[in-house]
Amino acid sequence: MWKLQENILEADDKKKLSEFIASTERFTQFEKVKLFEKAWSEWQGCKYSVFVNSGSSADLVMLDGLKEQHKIPDGSEVLVPAATWTTNITSVIQTRLQPVFVDINLQDLSFDYAALEKAVTPKTKIILVTHLIGFPAAMARIRALAERHGLLVLEDCCESHGAVSGGKKIGNHGVASAFSFYWGHHITTIEGGMICTDSEELNDIFTLKRSHGLARELDPSKHAAYKAKYPDIDFNFLFLTHGYNFRNTELHATIGIEQLKHLDRYIKIRNENFVRFLELSAALGDRIYRCGADGASSFCLPFIFRDKADKDRLQAKCSERQIETRPVISGNLLRQPCFRAYGDYAAFPNAEILHRNGFYIGNNQFVDAKRLDLLQAILKEVF
Ligand SMILES: Cc1ncc(COP(=O)(O)O)c(C=O)c1O
């Protein structure tokens with residue numbers, strides 16, 4: 001059985017978690033969360049990180065926070081790819097912004113860059129980039145476009161921890177970025193996410209929004225000023241902005257601190273597997289689109305065929321051999337019932353190819369030469 005993901009918590013991670021539970025009286029967000037945020041910021045190379053309970057929460061707080069900071073009016077347009085995870089788009093809708101879908105390219109699976117520029121209107125304010133399945137988007141190109149049109153850039157890095165674009169880790173190219181630590185991702189906190197930024201002001205907004213909008217969540221150095229400004233309100237329950245409760249716990253942060261120690265090793269194994277995957281899938285010649293990008297941090301092993309019949313044959317054989325598969329990632333989002341009102345799916349031809357002719361199988365530190373040999377044998381058998 002080749003599952004998408006297996007138990008990624010190592011024996012030592014579980015031991016550290018047990019020791020923590022035995023030694024503490026405090027389980028809600030506290031020092032371990034701060035330690036994980038600090039370690040993550042160091043690894044990521046950013047100034048600030050805010051640990052939340054999922055990647056979806058990270059996306060929502062990131063958009064809501066940016067909208068608040070820049071006083072972006074309701075209905076302003078956000079450019080989004082036609083293929084990404086659904087909650088990236090719902091975050092846009094939930095913050096009363098307007099998603100404008102742009103087709104993808106079949107190389108790095110980010111935007112069709114020519115179509116991106118054409119989609120800019122006077123109402124466009126944000127480009128929400130997704131680095132899909134570990135492939136870094138062409139950030140120099142996106143940033144140049146953003147600068148030409150005065151747009152803000154956000155990055156969703158939930159599937160691409162450690163990928164690099166133009167020599168710089170993704171997640172550090174825009175004003176803020178979101179990561180997921182859900183089970184199937186490069187590392188896990190079981191459930192969890194992170195929002196990163198170099199802006200102190202944005203970090204404060206994210207910190208407030210994560211936890212009800214409470215002023216006391218801010219760095220203690222900032223408390224006195226708010227106490228003085230609002231003397232008639234008990235500081236314990238002083239709410240500075242509209243918030244959520246997207247906090248995570250000391251338990252999840254403890255796991256995150258341990259998992260982070262393995263991340264570079266996991267990425268190396270994933271990328272070695274991906275190189276072998278490229279070699280063996282080259283045997284399929286022109287039957288497939290050879291997607292990928294320099295600086296990738298492989299999330300999975302994707303097949304995107306030119307012909308749907310080839311995709312169906314290989315996917316059926318994988319299933320017969322107990323290899324789990326998934327669509328790449330939610331296919332053409334315009335086909336999903338929840339987004340049909342936002343456009344005609346047929347207007348996004350590359351997302352259509354991904355939707356109809358693509359699927360992936362899992363890549364992670366458990367994928368080894370034996371499994372890749374099996375995949376090679378299956379490809380020979382089917383084609
Ligand atoms: C690109 C992308 N963004 C956001 C998310 C949401 O992350 P989470 O599952 O932690 O909510 C995912 C989830 O897999 C994702 O793949």
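Residues numbered from 1 in each chain as written. Predicted model: local features only at pLDDT ≥ 70, side-chain atom pairs only at ≥ 80, totals over all residues.

**Some details on the packing of helix H10 (residues 263-281) against helix H13 (residues 369-382)**
Helix-helix packing: each pair is described by the crossing angle between the helix axes and the interaxial distance. Note the cut-off: Interaxial angles span 0 to 180 degrees and are taken between N-to-C directions of axes, which are lines fitted to C-alpha atoms, for helices over the stretch in contact. Strands here mean DSSP runs of E at least two residues long; helices mean DSSP runs of H or I at least four residues long; both are numbered from the N terminus. For classification, angles of less than 35 degrees are called roughly parallel, those exceeding 145 degrees roughly antiparallel, those between 65 and 115 degrees roughly perpendicular, and all remaining angles oblique. For a crossing to be left-handed, the near helix must be turned anticlockwise from the far one by less than a right angle; the clockwise case is right-handed. By definition, residue pairs are in contact when their C-beta atoms, positioned from the backbone, come within 7 Å. Asp, Glu, Lys and Arg are counted as charged, while Ala, Val, Leu, Ile, Met, Phe, Trp, Tyr, Cys and Pro are counted as nonpolar; the rest, among them Gly, fall into the polar class.
Interaxial distance between H10 and H13 falls to 10 Å at its minimum, and their mutual angle equals 15 degrees. Taken together, H10 and H13 sit at an angle that is classed as roughly parallel. Seen from above, H10 lies across H13 with right-handed handedness. Between H10 and H13, the contacting residues are Asn273, Arg276, Phe277 and Leu280 on the first element and Leu372, Leu375, Gln376 and Leu379 on the second. Of the residues contributing to the contact of H10 with H13, the split by class is five nonpolar, two polar and one charged.

**Some thoughts on the nonpolar core**
What counts, and what does not: Buried Ala, Val, Leu, Ile, Met, Phe, Trp, Tyr and Cys residues form a nonpolar core when they are connected through C-beta atoms within 7 Å. Between the buried cut of 20 or more and the exposed cut of 12 or fewer other C-beta atoms within 10 Å of a residue's own C-beta lies the partly exposed class, and all C-beta atoms are placed from the backbone. Start and end positions for the domains come from either an automated domain assignment or a database one.
The biggest cluster of nonpolar side chains holds 88 residues, and the ones touching the most others in it are Met62, Ala82, Ala83, Leu128, Leu154 and Ile195. Counting residues per element, this core draws most heavily on helix H3 (residues 55-69), at six residues. Both of domain 1 (11-260) and domain 2 (263-382) provide at least three residues apiece to this core. Beyond its immediate sequence surroundings of up to four residues, Leu154 is in contact with Met62, Leu63, Leu66, Ile126, Leu128, Val129, Gly174, Val175, Ala176 and Ser177.

**Things to note about unusual backbone geometry**
At His212, a position not held by glycine, the phi torsion is positive, near 65 degrees. Considering the arrangement of structural elements, one finds His212 in the loop between helix H7 (200-210) and helix H8 (223-229).

**Description of the domain arrangement of the protein chain**
According to the domain assignment, the protein chain contains domain 1 (11-260) and domain 2 (263-382). Taking the mean C-alpha position of each, domain 1 and domain 2 sit 27 Å from one another. On the side of domain 2, 33 residues touch domain 1, which itself brings 33 residues to the contact. Elements represented by at least two residues in the side of domain 1 that touches domain 2 include exactly helix H4 (86-94), strand E3 (98-102), strand E6 (164-165) and helix H9 (250-260). Across the side of domain 1 that touches domain 2, the residue classes break down as 18 nonpolar, eleven polar and four charged.

**Side note on the packing of helix H2 (residues 31-44) against H9**
Between H2 and H9, the shortest axis-to-axis distance is 8 Å and the interhelical angle comes to 30 degrees. The orientation of H2 with respect to H9, classified from their angle, is roughly parallel. The two elements H2 and H9 cross, and the hand of that crossing is left-handed. Within the contact between the two elements, H2 uses Lys32, Val33, Leu35, Phe36, Ala39, Trp40 and Trp43 and H9 uses Glu250, Ala253, Thr254, Gly256, Ile257 and Leu260. In the contact of H2 with H9, the residues fall into nine nonpolar, two polar and two charged.

**Some remarks on the sheet that holds strand E1 (residues 48-52)**
Condition: At least two DSSP bridges between two strands are required for those strands to pair.
With mixed pairing, seven strands are arranged side by side in an open sheet as E1-E9-E8-E5-E4-E2-E3. For this open sheet the edge positions go to E1 and E3, each flanked by a neighbour on one side alone. Each strand axis lies, on average, 20 degrees off the axis of its neighbour in the sheet, ignoring direction. Sheet topology places strand E2 (residues 77-81) next to strand E4 (residues 124-130); three bridges connect them, and they run parallel. The partner of Val78 across the bridge, within E4, is Ile126.

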